[in-house]
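A structural walkthrough
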Amino acid sequence: MIDTHCHLDGEEFAQDLEAVITRAREAGVEAIGVPGIDLKSCRTVLDLCHRYEGYCFPMLGLHPEEVRSDWQEVLAQIRPHLFSPLGRSGKVLIGEIGLDFYWSREFEHEQLEAFEEQVRWAVDLQLPLMIHCRKAQNELVNILKRYKDDLPGGVFHCFTGNEIEARELLSFDRFVLGIGGVLTFKKSKLPETLAAAVPLSRIVLETDAPYMAPVPMRGQRNEPAFVAHVCRRLAEVYGVSEAEVSSQTNANCEKILNIRV
């Protein structure tokens, strides 16, 4: 399995990172995508991915909830990191970027501009995107449509929407949906949505650790080993083996994200 989205550089893992990595390997996790959210985390993500090179893969970008009036200055400092040795090997993504109007629209204009600028990076450098979206799909899709023919692909992270939203996002041919712990929640409608509208060839696994732990680990700190619970639930949804889910989602990662195991 591949956990395509895990904030391993966060303080939540500072005391037992090596043990977390060991448990992930023992659970069958063969690679981990580690997203940045701001300038500081872009540096810590690169440090961590150098430490675990070939196992942890970096994503560098400005998260929408971190966008402020100084977004242009921040992006100017983030962009050179895309050309780090790890970036030159083609193993870097642009992310975690996107739009988030869930809590506030105070910096709505700045979010829209910062997102579009980072989408242009992806087009110019042909680097995949890791996209975060909450309460902003219409605005997000309108921006992406401007670049649709040139987008290199990527992941719509933490998808929890309905069939209509799924089909709209999958109209972007080289994109997949990131599916995590919400799939396992008792009241989640996601199993029905996926079965009706999303082929397994358009899905990748994720945890979003340390957040959003799946059942039966809800309430605990999430970690990459727990992606096995998401894999198991997906196998039930699609009526296939866990091995088939792992094989297909790994193939999707290789095709879309340049992450090979």
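Our structure is the block above this text.
Now for a description of the structure that goes with this document. Here the residue index of a chain counts from 1 through its sequence in written order. Reporting in this predicted model follows two pLDDT cut-offs: at least 70 for local features of residues, and 80 or more for side-chain atom pairs to be given and counted; totals over whole chains, interfaces and linings ignore these cut-offs and use all residues. Excluded from the side-chain calculation are hydrogens and water; included are all heavy atoms of the structure.

1. Brief notes about helix H5 (residues 108-125)
Residues three or four positions apart in an α-helix share a direction because the helix packs 3.6 residues into each turn. Helix numbering and strand numbering both begin at the N terminus, where a helix is a DSSP run of H or I of at least 4 residues and a strand a DSSP run of E of at least 2. A helix is expected to span 1.5 Å for every residue after the first. Here H5 spans 26 Å end to end across 18 residues, near enough to the 26 Å set by a 1.5 Å rise per residue. Exposed residues in this analysis have more than 50% of their type's maximum accessible area, buried residues have under 20%, and partly exposed residues fall in between, with area computed by a 1.4 Å probe over protein chains only. Every buried residue of H5 is listed here: Glu110, Gln111, Ala114, Phe115, Glu116, Gln118, Val119, Trp121, Ala122 and Val123. Those residues of H5 that are buried lie in contact with helix H3 (71-78), strand E4 (93-100), strand E5 (129-134) and helix H6 (137-145). Where H5 terminates, the next one or two residues include Gln126, which has phi positive at roughly 55 degrees. Contact criterion: two residues are considered in contact whenever any of their non-hydrogen atoms come within 4.5 Å of each other.

2. Considerations on the pairing of strand E3 (residues 56-60)
Across the five residues that make up E3, a large majority, five, are buried. The side-chain alternation of E3 yields two buried faces, one formed by Cys56, Pro58 and Leu60 and the other by Phe57 and Met59. Should DSSP find at least two bridges between two strands, the strands are taken to pair. Inspection of the sheet shows strand E2 (residues 31-35) paired to E3 by four bridges, in the parallel sense. By the bridge assignment, Gly33 is partnered in E3 with Phe57. On the question of chirality, the crossover connecting E2 to the parallel E3 by way of helix H2 (residues 39-51) is right-handed. Orient the strands so they point away from the viewer, and a crossover whose first-strand-to-second-strand path over the helix runs clockwise is right-handed.

3. With respect to the packing of helix H9 (residues 227-238) against helix H10 (residues 242-257)
For any two helices packed against each other, the geometry comes down to the angle between their axes and how far apart the axes lie. Geometry is summarised by axes, namely lines fitted to C-alpha atoms with helices restricted to the contacting stretch, and by angles between N-to-C directions that run from 0 to 180 degrees. As a packed pair, H9 and H10 sit with axes 8 Å apart at the nearest point and diverge in direction by 105 degrees. Looking at the two axes, H9 sits roughly perpendicular to H10. Contact residues: Cys231, Arg232, Leu234 and Ala235 in H9; Glu242, Val245 and Ser246 in H10. When its residues are assigned to classes, the contact of H9 with H10 shows four nonpolar, one polar and two charged. If an angle is under 35 degrees, it is roughly parallel; if it is over 145, roughly antiparallel; if it lies from 65 to 115, roughly perpendicular; otherwise it is oblique. Three residue categories are used. Nonpolar comprises Ala, Val, Leu, Ile, Met, Phe, Trp, Tyr, Cys and Pro, charged comprises Asp, Glu, Lys and Arg, and polar comprises the others, including Gly.

4. Describing the environment of Leu39
If you trace the backbone, Leu39 turns up in helix H2. You can call Leu39 buried: its relative accessible area is 14%. With 35 residues separating them along the chain, Leu39 and Val74 place their C-alpha atoms 6.6 Å apart. With residues near it in sequence (within four places) discarded, Leu39 still touches Val74, Gln77, Ile78 and His81.

5. Here's the deal with the side chain of Asp100
Inspection of the secondary structure assignment puts Asp100 in strand E4. Contacts described as polar in this section are N or O atom pairs within 3.5 Å, which, within protein, must combine one atom able to donate a hydrogen with one able to accept it, while residues neighboring in sequence count only if both atoms come from side chains. At 2.7 Å, the side chain of Asp100 and the side chain of His132 are in polar contact. Here the side chain of Asp100 touches Arg134 through a polar contact of 2.9 Å, side chain to side chain. Those residues in contact with Asp100, other than ones at most four positions away along the chain, are Pro64, Glu65, Gln111, His132 and Arg134.

6. Topic: the packing of aromatic side chains
Aromatic ring pairs are described here by two measures, namely the spacing of the ring centres and the angle between the planes. Pairing of aromatic rings covers Phe, Tyr and the six-membered ring of Trp, with a centre-to-centre limit of 6.5 Å; geometry is then stacked below 30 degrees between planes, edge-to-face above 60, and tilted otherwise. Evaluated as defined, the whole model comprises four aromatic pairs. Ring centres of Phe172 and Phe175 lie 6.2 Å apart, and the angle between their planes is 75 degrees; on these two criteria the pair is classed as edge-to-face. The pair formed by Phe172 and Phe175 is uniform in burial state, with each residue classed as buried. Each residue in the set Phe156, Phe172 and Phe175 is aromatic and connected to the rest through ring pairs, giving one cluster.

7. A look at the sheet that holds strand E1 (residues 2-3)
Taken together, the eight strands give an open sheet; going across it, the order is E1-E2-E3-E4-E5-E6-E7-E8, and neighbouring strands pair in parallel fashion. Each of the sheet's edge strands pairs with one partner strand only, and the pair in question is E1 and strand E8 (203-205). Seen against the sheet, H9 touches strand E7 (175-179) and E8 and runs at an angle of roughly 150 degrees to E8.

8. Side note on unusual backbone geometry
Residue Glu96 is bonded to the preceding Gly95 through a cis peptide linkage, with omega at 10 degrees. With respect to the element layout, Glu96 can be found in strand E4. In this chain, Val215 is followed by Pro216 through a cis amide linkage whose omega measures 15 degrees. Along the chain, Pro216 falls in the loop between E8 and H9. One non-glycine residue with positive phi stands out, namely Lys135, at about 55 degrees. One can find Lys135 in the loop between E5 and H6. Here Asp208, not a glycine, exhibits a phi torsion of approximately 60 degrees, which is positive. Among the structural elements, Asp208 can be located in the loop between E8 and H9.

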